[in-house]
Structures are given as C-alpha cells and as structure tokens.
Amino acid sequence: MNYEAGAAALIGLCLSSVLLLATLSWMVNHAHTRLTIAWLLGLATLVMLQSLEFLYHATDMFLRWPFFLKLIDPLVVLLPLTLYGYQRALQGDNIFHPRRQMLLHLSPAFIVALMDVPYWNLPAAERIDWMLKVRIDESLWQPLAPYGNDYLAIIAGLSLLYWWRQRTLGYQGRKARLGSWINKLQTVQLIIALSLLGRILLSQGFGWNLSVAFALAPTSAYLLYLMLSHAQLPQSLPPRQPLATSSKPDNTDPGSADPDSSNATPADASAATANNAQQELFAELQQALANGAFRDNELSLGKLAAMCGMTTHQASAAINQCSGSNFYDWLNRYRIDAAQQALRNSDTPVSRICFDVGFNSKSTFNTAFRRLSGVTPSEFRKRHQS
C-alpha cells in the first residue's frame, strides 16, 4: 500500500464528500432550475468517484476487486464538461440544445470508452498484472486504453477548451455577484488543466510520476477555499442594549427594566435578518425593471430572476413579501406607469405603446390599464393632453 498516496486520496474523498453534501443541502434549501441542479450534482458526483478511484488504487483494493479497474475513465473525462455546463446553466443556457450539441460534448467519453474496451476484455489476472507493471514504470503500459499522461492530457485539454469557451462567451448578465462566482469557477477549470499539465511535464522531463492525487491538490485547496469563503456561518447576536425608560412615575427602580417592554428573541432577530435579505433581493429586482427590463415582451419571473442572479423561488418570495402582490401584477405597474407617461407626452398610437411597454396583446393592455388607472388608455390621453 502507498501510504502517502492513500492519505492524499482519503483527504480528497473527505473534501469531495463535503462538496457532495453541500450540493445536496443546497438542492434542499433552494428551488432552482433543474438544469443547474443536474450539472452541479453531476460535478460533485464525478469528483467523489475520482476520489474513490484514487483510494481504490492507493489501498491495493484492485487486487481483490479487479472488475473496477479503469471502469470510470469515460465518466471522469466529463468533469470539465460538468463544470462548464454548470457555468452556462447559471446564465440560463443549455449547452445540450440543440441535441447535436449533446453528441459533440459527450464524444470524448464515448471515445475513451471505446479505447478501454480491449483492456476491459482482458482476464482479471492480466489486468492486475498491467497495473502492477505501471507502478514500476508508466512506459511499460501496452494496451490501447489511455493511461497515465495520455489520459491526463485528455482531461487537461478539455479543461483548457471549456475554459477558453467560457472566456470567449463571457458573462452577459447584470448581476456582479454571479459574474464573480462564474469567474471563480473558470479559475477552477484553469487550475485543473495547469495541474495536470504540470504533472505531465514532471513525468516526461524528469521521470517523476507523481500521483494524480497530489497533482490535483491545488484544485482541492482552491475548492476548500471557495467553500469556506462562501459558507454562511451563523452570526452572533449583537450585545443587548439597555431599554429606554418610559415616561412613568419616578418611583420605579431606575436600574430595573420597563415591565411593559420585552427583549427581542433570537427568532425575532432571525426574522429581521430574513426580512433584510428579502428587501435586498427586491431592490435588485426593482432596479432591473427600472432599467427597462419590463419592456421585454417575453419577460417571465424565471427570466428576471436569472437576470438578477437569483433563483425563481427567491425572486417570487421577495416580490410577494415586499410588493404585496404577485409577479405579473407588480410588473404591470411598471408597464402601466410607462404607458401613462407615453400617453401624456407623445402622440404615439395606443397600439404601439401597448407593445413598447411590454404587453403582448392590446386586450390584456386595456384590461390592466383600466384596472390600475380607472379609465381606458384613450380616455386617459384625452383627459391629460387637453
């Protein structure tokens, strides 16, 4: 048993377990699009599978269960894809649409699987023999299946490709916090590629076949840093302030608290914090509409939430709590206000104003306008222009 590689593999397994549990916790506590959840869950699962494979080799378990040798190779090469797919899903893109894109993105996995078939068909004893040989020298590897530097070059190349692809497409949203998070994910992609390329250079140039568990240590360290820096740890309650004395007779003890007053409980503090968070989210949604998002004829709650870098559930809760109405009633206020301004200050036809402010049909526009203004658009124009 290689104790050093085993320790590194165990640490990697612990970190990947934390990442997977954090992903599952995030799924439970946040309603988000299924696509984003799928990519994030796939990413965490592949990281854990790779950690398990490291442990499988470091502890010589392949001597007992050779069936699992190189079995997850085609899946692990999809790790750069899942990271890229997650980044694009955060921006509302589905990289598997149209369907032919799916075959293109999954082709590396199919190719690696086909290359591994000859090795999978070997008798168990022969597969073990090859693994024992390459522990001495990776150059002894003979089967067609990619191994060592060849296999790592595939993953490194895909990581660089997807890093370059995301960098080319860029971030088009208005949410600075989401853009910063996507940049951090790009850094993870780049660290993976550079770490693997560094391992390949050490192997080719100096004959030092460093365990991949050590080569990916920078990636694990950066992921741990991201988890710690973005963890929402419980905050301590502020020190209690003395209660203000009320205008009551002076015969009360000046050192005692007002019996009619009560201290805020932890539940009250938690509710206040939650309310402040909702107000912040609502302010971002308001700013997006104030910047003209309401004029989008295809605007939906999900689209507005993605534009502001939040989930549909978060946006809906913030609107319902802070505006006192549902999304479409709140949105129509912005549209009707803009329509009223256009009716006062221009001679633009009502039918044109209807579509300019975001409505898709004149009947819907007239109904909403009459409900909020009390008159039809034409009557409103006659009253205010005269």
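Rules and cut-offs
Sequence order as written defines residue numbering, which begins from 1 separately in each chain. Reporting in this predicted model follows two pLDDT cut-offs: at least 70 for local features of residues, and 80 or more for side-chain atom pairs to be given and counted; totals over whole chains, interfaces and linings ignore these cut-offs and use all residues. Excluded from the side-chain calculations are hydrogens and water; all other atoms, namely the structure's heavy atoms, are used. Each helix is a run of DSSP H or I of at least 4 residues and each strand a run of E of at least 2, with the numbering of both proceeding from the N terminus. Note on classification: 1.4 Å probe, protein chains only; a residue is buried when its accessible area is under 20% of the maximum for its type, exposed when over 50%, partly exposed between these limits. Contact definition: two residues touch when any of their heavy atoms are within 4.5 Å. A 1.4 Å probe and the Shrake-Rupley method give the accessible areas. Residues count as covered only by the protein chains that appear here. In the sections that follow, a salt bridge refers to a side-chain nitrogen of Lys or Arg positioned within 4 Å of a carboxyl oxygen of Asp or Glu. Throughout this description, the term nonpolar core refers to a set of buried Ala, Val, Leu, Ile, Met, Phe, Trp, Tyr and Cys residues connected via side-chain atoms within 4.5 Å. By definition, no residue in a patch forms a salt bridge, and every one has over 30% relative accessible area; like charges are joined within 9 Å, nonpolar side chains (Val, Leu, Ile, Met, Phe, Trp, Tyr) within 5 Å. Two N or O atoms count as a polar contact when they lie within 3.5 Å, although within protein this holds only if one can serve as hydrogen donor and the other as acceptor, and sequence-adjacent residues are included solely when both atoms are side-chain atoms. Multiplying 1.5 Å by the residue count of a helix minus one yields the expected span of that helix. Aromatic pairing here means that ring centres of Phe, Tyr or Trp (its six-membered ring) are within 6.5 Å. Orientation follows from the plane angle: under 30 degrees is stacked, over 60 is edge-to-face, and everything else is tilted. Charges are assigned to positions over rings by a cutoff of 6 Å between ring centre and Lys NZ or Arg CZ, combined with an angular limit of 35 degrees from the ring normal. Scored between 0 and 100, pLDDT is the confidence that the predictor attaches to each residue.

Attention now moves to the overall build of the chain. Of regular secondary structure, the chain possesses 17 helices and zero strands. Looking at the 386 residues of the chain, the share that counts as buried comes to 39%. Taking the contacts inside the chain whose residues are at least 6 apart along the sequence as the reference set, 69% of them involve residues at least 24 apart. Element-wise, carbon and sulfur atoms account for 60% of the exposed surface of the chain, whose accessible area totals about 22000 Å².

Take the environment of Ser-378 next. With respect to the helices and strands, Ser-378 occurs in helix H17 (residues 377-385). Sequence spacing of Ser-378 and Val-350 is 28 residues, and the spatial spacing of their C-alpha atoms is 7.4 Å.

Another aspect to go through is the pattern of salt bridges. All told, the structure shown has eight salt bridges when counted by the stated rule. Ionic pairing is found between Asp-60 and Arg-135, a salt bridge with its closest N-O pair at 2.5 Å. With Asp-60 in the loop between helix H2 (34-58) and helix H3 (73-76) and Arg-135 in helix H6 (residues 124-136), this pair connects stretches of sequence that are 75 residues apart. What makes Arg-135 partly exposed here is its relative accessible area of 44%.

This next bit is on the nonpolar core. Ranked by size, the top nonpolar core spans 39 residues in total, and within it Trp-39, Val-77, Leu-81, Tyr-151 and Leu-196 carry the most contacts. If near-sequence neighbours (up to four positions away) are discounted, Val-77 is found in contact with Pro-108, Ala-109, Val-112, Tyr-151, Ile-154, Ile-155 and Leu-158. In this structure, Phe-282, Ala-293, Ala-315 and Phe-365 belong to the second largest nonpolar core, which totals 34 residues.

Moving on, we get to unusual backbone geometry. In this chain, His-97 is followed by Pro-98 through a cis amide linkage whose omega measures 0°. Along the chain, Pro-98 falls in the loop between helix H4 (79-90) and helix H5 (99-120). Positive phi outside glycine occurs at Asp-60, with the angle close to 60°. Accessibility expressed as a relative area gives 18% for Asp-60, which makes it buried.

On to a nonpolar patch on the surface. On the surface, Trp-65, Phe-67, Phe-68 and Leu-71 cluster together into a nonpolar patch covering about 420 Å² of accessible area. Tracing the chain through its elements places Phe-68 in the loop between H2 and H3.

Moving on, we come to the environment of Asp-137. One can find Asp-137 in the loop between H6 and helix H7 (149-169). With a relative accessible area of 32%, Asp-137 lands in the partly exposed category. Through-space distance from the C-alpha of Asp-137 to that of Gly-207 is 8.9 Å; in sequence the pair is 70 residues apart. A polar atom in the side chain of Asp-137 sits 2.7 Å from the side chain of Ser-139.

Moving on to H4. In this model H4 runs 17 Å from its N-terminal to its C-terminal C-alpha over 12 residues, within 8% of the 16 Å that 1.5 Å per residue would give. Of the positions making up H4, those classed as buried are Leu-79, Pro-80, Leu-81, Thr-82, Leu-83, Tyr-84, Gly-85, Tyr-86, Gln-87, Arg-88, Ala-89 and Leu-90. Contact partners of the buried residues in H4: H2, H3, H5, H7 and helix H8 (176-206).

What follows is about the packing of aromatic side chains. Tallied over the entire structure, the rule returns 15 aromatic pairs. Considering the side-chain rings of Tyr-56 and Phe-62, the 6.5 Å spacing of their centres and the 65° angle between planes classify their relative orientation as edge-to-face. Using a relative accessible area of 1% as the deciding quantity, one classes Phe-62 as buried. Clustering of aromatic rings is evident, with ring pairs tying together Tyr-56, Phe-62, Phe-67 and Phe-68. Between the NZ or CZ atom of Lys-70 and the centre of the ring of Tyr-151, over which it lies, the distance is 5.4 Å. When the ring centre of Trp-130 is taken as origin, the NZ or CZ atom of Lys-133, which lies over that ring, is 4.6 Å away.

Turning our attention to H2. Spanning 25 residues, H2 covers 36 Å between terminal C-alpha atoms, matching the ideal 36 Å at 1.5 Å per step. Asp-60 sits one or two residues past H2 and shows a positive phi near 60°.

For the chain, the average pLDDT comes to 80, and 78% of its residues sit at 70 or higher. Considering each helix and strand of the chain separately, the mean pLDDT is smallest for helix H1 (residues 3-29), with a value of 63, and largest for H7, with 93. Predicted confidence is poor over residues 232-262, with pLDDT under 50, and the contacts of this stretch with residues over four places away or in other chains come to nine contacts.

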